[in-house]
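This is what each chain is made of:
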Amino acid sequence: MFAVIKTGGKQYRVAANDLLKIEKLEANVGDIVEIGQVLAHGEGENVVFGAPFVDGALVTAEVVEQGKNRTVIAFKKRRRQNSRRRIGHRQLLTTVRISEILLGGAKPSKKATAKAEAKAPEAKAEAAAEAKAEAAPKEAKAKKEAKAEAAPKEEAKAAPLFKAPKGEPDDLTVIKGIGPVAAKDLAEQGIVTFAQLAKLTDKDVAKIDEHMPFSADQIKDWREQAKELAKK
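A short tour of the structure in this document, coming up. Given the structure is predicted, the values throughout are model-derived calculations rather than measurements.

Rules of the game
Residues numbered from 1 in each chain as written. Predicted model: local features only at pLDDT ≥ 70, side-chain atom pairs only at ≥ 80, totals over all residues. Heavy atoms only, no water. Helix = DSSP H or I, 4+ residues; strand = E, 2+ residues; numbered from the N terminus. Contact = heavy atoms within 4.5 Å. Core = buried A, V, L, I, M, F, W, Y, C linked by side-chain atoms within 4.5 Å. Buried < 20%, exposed > 50% of the residue type's maximum accessible area, 1.4 Å probe, protein only. Pairing = 2+ DSSP bridges. Axes fitted to C-alpha atoms, helices over the stretch in contact; angles between N-to-C directions.

### Description of the environment of Ala-15
Next, step 1: Residue position: Ala-15 is located in strand β2 (residues 10–15).
Next, step 2: Taking the C-alpha atoms as reference, Ala-15 lies 8.5 Å from Ser-99; in sequence the two are 84 residues apart.
Next, step 3: What Ala-15 contacts, discounting residues up to four positions off in sequence, is Met-1, Ile-98 and Ile-101.

See the structure below:
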């Protein structure tokens, strides 16, 4: 006989004595847990489906081990200065051995451990203290990382890419493709005249392309237009 159960938002096809890794259950090793969400059960070609669960069906399992899955790394990087994120996740898992598949409201031969009795009040207080002590270094580390991450951004904001020349700035919006917002962004990075744009080297273009939301082709087109305007 087999059954299809649902636990932790996932569905599993199980039979007696199967070893199964599922999302963490609040139970100790050796405890018997009950899984009441049985979607289907059957034997051979005879299968009964629930709507969505089968009435009176129950699956019991013995907790064999509490552990963790392998670490999954999520890394995101965009073409912006210091724009990268690295996040690791390690899913908590419970390994169980399927004991019985019960139908028609049958009672399990071994009684499941009540969640309310899983921890005594003293154990709960001890666990809370351990969790608090464990969380403190993580919070301190997170604050330190956030501060270290914010420092380069503030430094980059304070130091523009180029040094603006003295005198009156030119109206860069005359150049086709440069609007008020783009002109403001360029001014913040020290580019305020046609002459500056006209004298940009390919290395300067690559620097702007890396640190600003403009492509290299855009900047080269502006450079050609600026050369004509600088002659006037």
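### A word on the nonpolar core
Next, step 1: Counting residues in hydrophobic clusters, the biggest one holds 20 residues, and the most contacted among them are Ile-175, Ile-178, Leu-186, Leu-197, Ile-208 and Phe-214.
Next, step 2: When residues of this core are assigned to their parent elements, the largest contribution, four residues, is made by helix α5 (residues 216–231).
Next, step 3: Not counting residues within four places of it along the chain, the set of residues in contact with Leu-186 comprises Leu-172, Ile-178, Ile-191, Met-212, Phe-214 and Trp-222.
Next, step 4: If you look at the next biggest cluster of nonpolar residues, it comprises 18 residues, including Ala-3, Val-14, Val-33 and Val-38.

### Topic: the sheet that holds strand β3 (residues 19–23)
Next, step 1: Reading across from one edge, β3-β10-β7-β4 is the order of the four strands in this open sheet, with antiparallel pairing throughout. Edge positions in the open sheet fall to β3 and β4 (32–35), since each of these has one partner strand only. Across the sheet, the mean angle from the axis of one strand to that of its neighbour is 45°, orientation sign disregarded.

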